[in-house]
Amino acid sequence: MAHETGQIESISGPVVKARGLHGVRMYEVVRVGHEQLIGEVIEVGDDICTVQCYEETSGLSPGEPVVATGDALSVELGPGLIGSIYDGIQRPLPELKEMSGDFISRGLTVEGLDKEKKWTFIPSVNKGEMVEPGSVIGEVPETGIITSKIMIPLGIKGEITEIVSKGDYTVVETICKVKDDHGDIHEVMMMQKTAVRKGRPFKERVPMNTPLITGQRVIDTFMPQAKGGTGAIPGGFGTGKTVTLHQFAKWADAQVVVYVGCGERGNEMTEALEEWPSLKDPQSGRPLMERTVLIANTSNMPVAAREASIYVAVTLAEYFRDQGLDVALMADSTSRWAEALREISGRLGQLPSEEGYPAYLGSRLAQFYERGGRVKALGGKDRIGSITLCGAVSPPGGDFSEPVTQATLRIVKVFWALDKDLAARRFFPAINTLTSYSLYHNNLEKWHREHLGTDWPDLVTEAMAILQKDQELREIVQLVGPDALPESERAILEAARMIKEDFLTQSALHEIDTFCPIGKTYRMLRTIIRFTRKMTRAVKLGVNVRRILEFSVLDNIARMKIAPWDSYESTMDKIETKMEREFQALFNELTEAGFITPEI
Amino acid sequence: MVRESSIVYRTVTDVRGPLLIVDNTHNVAYNEVVKIRAPNNELLTGTVLETGSGRAVIQVFEGTSGLDTDLTAVRFTGETMKLPVSTEILGRILDGSGNPLDKGPPLTAEDHLDIYGSPINPYARQYPRQPIQTGLSVIDGLNTLVRGQKLPIFSGSGLPHNRVAAQIVRQAKIPGEEGDFAIVFAAMGITATEAQYFMESFGETGALEHTALFLNLANDPAIERIITPRAALTAAEYLAYESDMHVLVILTDMTNYAEALREISAARSEVPGRRGYPGYLYTDLSLIYERAGRIHGRKGTITQMPILSMPQDDMTHPIPDLSGYITEGQMIVSRPMHRKGIYPPIDPGPSLSRLMKEGIGEGMTRFDHKEIQAQLYYGYSEGRDLRDLVAVVGSEALTNRDQKYLRFADRFENEFINQGEFEDRSFETTLDIGWNLLSEFPERELKRCDPSTIQWAKERGAYKIL
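Worth saying up front: this structure is predicted, and the values here are computed from it rather than measured.

Caption draft 1: Main features of the overall build of chain B. A tally of regular secondary structure across chain B gives 13 helices and 21 strands. Computed over its C-alpha atoms, the radius of gyration of chain B comes to 25 Å, within 12% of the 23 Å expected for a compact globule of 466 residues. Principal-axis analysis of the C-alpha atoms gives chain B an extent of 85 × 50 × 40 Å. Within chain B, buried positions represent 60% of all 466 residues.

Following this line, the structure appears as structure tokens:
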């Protein structure tokens, strides 16, 4: 079919108006100008339609052709996604480098999946079986971690008339034929295409009751994320948004990680590219890139592609979710995405609402976050997969009252607030425990009790109470000095200091401390809270806090963080025993002095 | 594309601020260069901001004074803006658009490069890992600069940021490695005195012949400032990626650049973002700042040090704020510290070098660098917090431990941060001064350091418990 061709009418930055494209549809992809730049229709008028161009438009002039393609912006899904690095519209960056060198030039067409590479396909269905969209027809062992399930694409339902035997195929070879009710034969290949702007369908949502373990103590303890949950991490520059998201990507116990660098620094993507292949996934021990897809649209790359990159990322995530995998998607940063919306909206002359952002900012953000969740996938047997969405927000001036932060907070269930003061003190992760929250505590309580210890919720509540009290006491200390506080309150200050320094601070750069298994987190917190309880008791009996601060077990507690992942149990046992001994000695002394009666 | 670039239009309909609007145009390309002949025969340059429906909007770099709607003639060149580049650009003084200001010959050209450049493919980038020794302890010890980094200096009016920048240029080196070194200096709206100061300072060290200067001074046309950093970075990219040089680019003052951008945006009646700056300020700044870095397989590097003055020392102002989101850290010049007589008055608290973590440690600076940096930060911020407390309750009320932190903070400012304008400290010296200051504390207090590192420092004689 010959595609409709029109002409450029006007150009303003990434926004191009074209005349004469009849029958072109909203969000259809078009090729703009002699260089065939990639663009997408974002407004359709009587004769003139508006196109946002995913490539730099310098040198384009009115009168050049614009050609419709008939397709909406789509991604290619199938074996080969894992380990890839794409730009905002799923063009593999290594291929772009091969085509145009170290700098990205324009009008390059590269497809998302390698069409030459052969994958080993292992069929799991037989001729004559009935299939529907989402039914699994076979598997491809893709990396050491991920075995891709090959599913029937949307719109195909019927009886299998042909299925290939186990063997090596490319993603575009026909591996299966399906005859529908009308007797039409549909050819199925491993690759499928999905438009990015609408979520892939699923059967139903299921409750989120498993935590996404991030290996970051402050998060796993005080504001845990659920598998399938949504979270936002706002913070001014230098507070550690990117480091935190990188930590999630490296250590979270998801099966697939999709990381989208949206309008951020080039070197941050490079860091991920250089570092992650050499890191090991803590669950499987395999290289991290075997479970990761990277999407890089750095701040100097075209602004419209930045808008698309978020949709591309979440569509890839949905594909893995539909295979029954737990996917974590990190978006850094959703503010840059919102700014791209603002820029395009401004060029279209739309009426601005708050701070120049378009009025649909909130609904677009909500649409994005609603694509997260834990669901039963389509097609036959119950496969439960999840997408956990974590978005960084970069509020101007670190002021959380701005529109993007506020619109995001209305949607997400976990809020990790980064604090500039903590960052300036190099207190990392600089997450403010008092203003941050998670609404998943109740959903996850059962899991925590079963997998950690029945006392987990109490420990968390107690620790939070200490931090809250500490905050209040600090205000008093600022006014009257520490001497004015009674010993019992000084004990609280000391307890809070232990929680903050020996538990909450965690170095992303230390080889052991960078990741903390959830079991270790539990033991560390338990030790500190037990210490606190004993300290409180001793102080009540008239012991001076300074006396307790001389305990040598405090040195061990200060170094709990660096207890190795696999042998922390024995280290923690020793510390707890030592703690018991030192306190016992103190209490014995008190008993002898007649402060307590022996049976206590 | 076949275009007639010889057509001269005399159809100017509007002259509005820095903009010129031409009607009845045909096939004018977005962003192409325009030559304008004013009624007094002066030749001006501009670029196309918007084109379509037989109408082109042009920004004029030299300003629009003297232009009219009758006699002004406009010719579209059919090309985007290009800079002639060669290594001979070093030692030259150019105006803000890259035309020679000195008495020298026209620029020779090995190549003509588009001043807007192209984004580096993130896949082609190489992560910056070589530390630069600036000789300033507060930078080297706490927030190390790395080759290929973009690290701005956030300052305010009346603060010595120029002296700090000049000292960095004088002293910056990679110990044990002398490569081909070049400086590209882009001045945007700074005063002649300031420009003079930099030129003298480069001259003293003989760096002038390794320097290309792009000068758009305070009395030069404001709109030209849109071009200046781009022209300078185009030269830098040629020197780094084609001629294997390590280039340090100084851009001063980015605030003036952003104001020029705002002027154009306002003239086009665009919807303003914060404080009247256009909504695309972030994207625009990133197109400048992201032109720093290293590329796999190419020897040269571009390190950027933009200087920007924060209006009213306000870090949340859009210019420093958006810059901070793009650059890889920031150096904050602090007015209180300057008043206390500390030089360089760089406040370690809000200052940050994001690339430091990969550029320090064994084989790069010294193995104990990470630990001592963390410990110094901890000590200094504890001490600073206590200062507030002392102001209320007096120092007698403090515990012995707190007294130590208070004394440490004072010594840290006077002995570690403070140094001479011509004092060039090595990494070793800087770190040893750090250990010496930490001698205030018993070993147990040094929670950020590994016991074995403390032992090492003891044996070295750097850490001596008092």
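Caption draft 2: The sheet that holds strand 9 (residues 119–123) of chain A, seen in detail. Residues and elements named next belong to chain A. In space, the 4 strands of this open sheet follow the order 12-11-9-14, with antiparallel pairing throughout. Here the strands that pair on one side only, and so sit at the sheet edges, are strand 12 (147–151) and strand 14 (167–169). In this sheet, adjacent strand axes meet at a mean angle of 40 degrees when their direction is disregarded. Bridge count between strand 9 and strand 14: 3 bridges; the pairing is antiparallel. Its bridge partner being in strand 14, Trp119 is matched across the sheet by Tyr169.

Caption draft 3: The arrangement of the domain arrangement of chain A in detail. Residue and element names in this part refer to chain A. The domains assigned to chain A are domain 1 (1–72), domain 2 (119–190), domain 3 (204–438) and domain 4 (456–592). Here domain 3 and domain 4 have C-alpha centroids that lie 33 Å from each other. Counting from both sides, the interface comprises 18 residues of domain 3 and, opposite them, 23 residues of domain 4. Both faces combined, the contact of domain 3 with domain 4 buries some 1,900 Å², and carbon together with sulfur accounts for 68% of it. The largest per-residue losses of area from domain 3 upon contact with domain 4 belong to Arg217, Phe222 and Leu434, which jointly make up 39% of the total buried on that side. On the surface where domain 3 and domain 4 come into contact, there are 1 salt bridge. Notably, a salt bridge pairs Arg217 with Asp513, separated by 3.1 Å at the nearest N-O pair. Counting across the domain 3 and domain 4 interface gives 10 residue pairs in polar contact (both at pLDDT 80 or more). At the level of elements, helix 2 (217–222) and helix 3 (241–251) are the ones that each hand at least two residues to the side of domain 3 that touches domain 4. It is helix 2 that provides the largest number of residues to the side of domain 3 that touches domain 4, a total of 5 residues. Looking at the side of domain 3 that touches domain 4 residue by residue, the classes come out as 10 nonpolar, 6 polar and 2 charged.

Caption draft 4: Representation of the pattern of salt bridges within the structure. All names here are of chain A. Enumeration according to the criterion identifies 80 salt bridges over all chains in this entry. Ionic pairing is found between Glu264 and Arg336, a salt bridge with its closest N-O pair at 3.4 Å. Here the residue Glu264 occupies a position in the loop between strand 22 (256–262) and helix 4 (266–275), and Arg336 occupies one in helix 6 (residues 334–347), the gap between them amounting to 72 residues. With respect to burial, Glu264 and Arg336 carry one shared label: buried.

Caption draft 5: Representation of the environment of Lys166(A) in the model. Among the secondary structure elements, Lys166(A) is positioned in the loop between strand 13 (158–163) and strand 14. For Lys166(A) and Ser124(A), which are 42 residues apart along the polypeptide, the C-alpha to C-alpha distance reads 9.4 Å.

Caption draft 6: A look at the interface of chain B and chain A. Between chain B and chain A, the residue contacts involve 77 residues of the former and 80 residues of the latter. Counting the contacts that link chain B with chain A gives 7 salt bridges. Glu274(A) is paired through a salt bridge with Arg129(B); the nearest N and O atoms lie 2.7 Å apart. In this structure, the connection of chain B to chain A is made through 36 residue pairs in polar contact (both at pLDDT 80 or more). Counting residues per element, the side of chain B that touches chain A draws most heavily on helix 10 (residues 369–393) of chain B, at 9 residues. Class assignment for the residues of the side of chain B that touches chain A results in 35 nonpolar, 23 polar and 19 charged. Where strand 1 (residues 5–12) of chain A lies against strand 5 (residues 43–52) of chain B, 2 bridges are found, and the strand directions are antiparallel. Along strand 5 of chain B, the bridge assignment pairs Ser10(A) with Gly52(B).

Caption draft 7: Examining the sheet that holds strand 15 (residues 174–179) of chain A more closely. Residues and elements named next belong to chain A. A sheet is described by the order of its strands in space; here 4 strands give the open sequence 10-13-15-16, paired in antiparallel fashion. In the strand order of this sheet, the two ends are held by strand 10 (130–131) and strand 16 (185–189), each with one partner. Sheet topology places strand 13 next to strand 15; 4 bridges connect them, and they run antiparallel. Bridged to Glu159 within strand 15 is Lys179.

Caption draft 8: Looking closely at the pairing of strand 21 (residues 230–234) of chain A. All names here are of chain A. Along strand 21, 5 of the 5 residues are buried, which leaves the element largely enclosed by surrounding structure. The side-chain alternation of strand 21 yields two buried faces, one formed by Thr230, Ala232 and Pro234 and the other by Gly231 and Ile233. Two elements, strand 21 and strand 27 (residues 414–415), share 2 bridges in a ladder whose sense is parallel. Each residue of the ladder has a partner; that of Gly231, found in strand 27, is Val414.

Caption draft 9: Structural context of the state of the cysteines. Residue and element names in this part refer to chain A. Scanning the model with the defined rule gives 0 disulfides over all chains in all. Of the cysteine sulfurs around Cys53, a residue in no disulfide, the closest is that of Cys49, at 12 Å. The buried category is assigned to Cys53, whose relative accessible area is 0%.

Caption draft 10: Geometry of the side chain of Gln59(B). Within the secondary structure, Gln59(B) sits in strand 6 (residues 55–60). When near neighbours in sequence (up to four residues on either side) are disregarded, Gln59(B) contacts Pro18(B), Leu19(B), Thr45(B), Gly46(B), Thr47(B), Leu49(B), Ile223(B) and Ile264(B).

Caption draft 11: Representation of a negative patch on the surface within the structure. There is a patch of like negative charges on the surface, built from Glu95(A), Glu98(A), Asp114(A) and Glu116(A). For Glu95(A), the position within the fold is in helix 1 (residues 93–100).

Caption draft 12: Representation of a nonpolar patch on the surface within the structure. Residues and elements named next belong to chain A. On the surface, Ile476, Leu479 and Val480 cluster together into a nonpolar patch covering about 280 Å² of accessible area. Following the sequence through the fold, Leu479 ends up in helix 11 (residues 456–480). Overall, Leu479 belongs to the exposed group, its relative accessible area being 64%.

Caption draft 13: Helix 7 (residues 361–369) of chain A, seen in detail. Residues and elements named next belong to chain A. Those residues of helix 7 that fall on the buried side of the exposure criterion are Leu361, Arg364, Leu365, Phe368 and Tyr369. Projected onto a plane normal to the axis of helix 7, the buried residues spread over an arc of 130 degrees and lie on a single side. Where helix 7 is buried, its residues meet strand 21, helix 5 (303–322), strand 24 (326–332), helix 6, strand 26 (384–393) and helix 8 (403–409).

Caption draft 14: Layout of the packing of aromatic side chains. In total, this model carries 33 aromatic pairs over all chains according to the counting rule given. Centre to centre, the rings of Phe515(A) and Trp565(A) are 5.2 Å apart; their planes meet at 85 degrees, and the pair counts as edge-to-face. With Phe515(A) in the loop between helix 12 (487–504) and helix 13 (518–540) and Trp565(A) in the loop between helix 15 (553–558) and helix 16 (568–592), this residue pair connects regions lying 50 residues apart in the sequence. Seen in terms of ring centroids, Phe412(B) and Phe416(B) are 4.9 Å apart; in terms of plane orientation they differ by 10 degrees. Their pairing is stacked. Separated by 4 residues within a single helix, Phe412(B) and Phe416(B) lie in helix 11 (residues 400–417), roughly one turn from each other. Judged by relative accessible area, Phe412(B) falls into the buried class, the value being 1%. Given a relative accessible area of 1%, Phe416(B) falls into the buried group. Three or more aromatic residues joined by ring pairs form one cluster here, namely Tyr378(B), Tyr380(B), Tyr405(B), Phe408(B), Phe412(B), Phe416(B) and Phe441(B).

Cut-offs used in this document
Residues numbered from 1 in each chain as written. Chains lettered and ligands numbered in written order. Predicted model: local features only at pLDDT ≥ 70, side-chain atom pairs only at ≥ 80, totals over all residues. Heavy atoms only, no water. Helix = DSSP H or I, 4+ residues; strand = E, 2+ residues; numbered from the N terminus. Rg over C-alpha atoms; globule rule 2.2 N^0.38 Å. Buried < 20%, exposed > 50% of the residue type's maximum accessible area, 1.4 Å probe, protein only. Pairing = 2+ DSSP bridges. Axes fitted to C-alpha atoms, helices over the stretch in contact; angles between N-to-C directions. Domains from an automatic or database assignment. Contact = heavy atoms within 4.5 Å. Buried area = accessible area lost by both parts, 1.4 Å probe. Salt bridge = Lys/Arg side-chain N within 4 Å of Asp/Glu carboxyl O. Polar contact = N/O pair within 3.5 Å; in protein donor to acceptor, adjacent residues only side chain to side chain. Nonpolar A, V, L, I, M, F, W, Y, C, P; charged D, E, K, R; others polar. Disulfide = S-S within 2.5 Å. Patch = residues over 30% accessible without salt bridge, like charges linked within 9 Å, V, L, I, M, F, W, Y side chains within 5 Å. Areas by Shrake-Rupley, 256 points an atom, 1.4 Å probe, with all protein chains shown as cover. Lys, Arg positive; Asp, Glu negative; His and termini not counted. Charge placed at Lys NZ, Arg CZ, Asp CG, Glu CD. Arc of directions from axis to C-beta. Phe/Tyr/Trp six-rings, centres within 6.5 Å; stacked < 30°, edge-to-face > 60°.

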